[in-house]
Amino acid sequence: MGIVKISETLHEEIRRSSNVMSRSINSQAEFWIKVGRLAELNPTLTFTEIMKAELLKADQSIAEAFHE
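Let us look at the structure shown here. Please read all numbers here as calculations on a predicted model, not as lab measurements. (Residues numbered from 1 in each chain as written. Predicted model: local features only at pLDDT ≥ 70, side-chain atom pairs only at ≥ 80, totals over all residues. Heavy atoms only, no water.)

### Regarding the pattern of salt bridges
Scanning all chains against the criterion turns up four salt bridges. Residues E12 and R15 are paired through a salt bridge, measuring 2.4 Å at the closest nitrogen-oxygen approach. Residue E12 and its partner R15 are both found in helix α1 (residues 8-21); the two are separated by three residues, about one turn of the helix. Residue class for E12 comes out partly exposed when judged on its relative accessible area of 28%. Taking the shortest distance from any N to any O, the salt bridge between K34 and E54 comes out at 3.5 Å. One end of the pair, K34, is in helix α2 (residues 25-41); the other, E54, is in helix α3 (residues 47-66), and 20 residues separate them in sequence. Residue K34 is classed as partly exposed on the basis of its relative accessible area of 48%. For E54, a relative accessible area of 19% gives the class buried. (Salt bridge = Lys/Arg side-chain N within 4 Å of Asp/Glu carboxyl O. Helix = DSSP H or I, 4+ residues; strand = E, 2+ residues; numbered from the N terminus. Buried < 20%, exposed > 50% of the residue type's maximum accessible area, 1.4 Å probe, protein only.)

### Observations regarding the packing of α2 against α3
Where α2 contacts α3, the axes come no closer than 10 Å and their chain directions differ by 105 degrees. Overall, the two elements α2 and α3 adopt an arrangement that is roughly perpendicular. Two secondary-structure elements touch here, α2 through F31, K34, V35, L38 and A39 and α3 through F47, I50, M51 and E54. For the contact of α2 with α3, the class distribution of residues is seven nonpolar, no polar and two charged. (Axes fitted to C-alpha atoms, helices over the stretch in contact; angles between N-to-C directions. Parallel < 35°, antiparallel > 145°, perpendicular 65-115°, else oblique. Contact = heavy atoms within 4.5 Å. Nonpolar A, V, L, I, M, F, W, Y, C, P; charged D, E, K, R; others polar.)

Here's what the structure looks like:
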């Protein structure tokens, strides 16, 4: 685990969003980082398409775990 320095303004935005989404501050920041990375890797996809693809991957992983 590492330490990432961010501005106070961004930290406050993460804190507010984490309360709304019922996530910890760290989980909210991790979510935004993951989505941002996926968006950069898939510039033609919308946020909704990225989330759908990730949910499908998660469903496949769960299904595979039960069939092993």
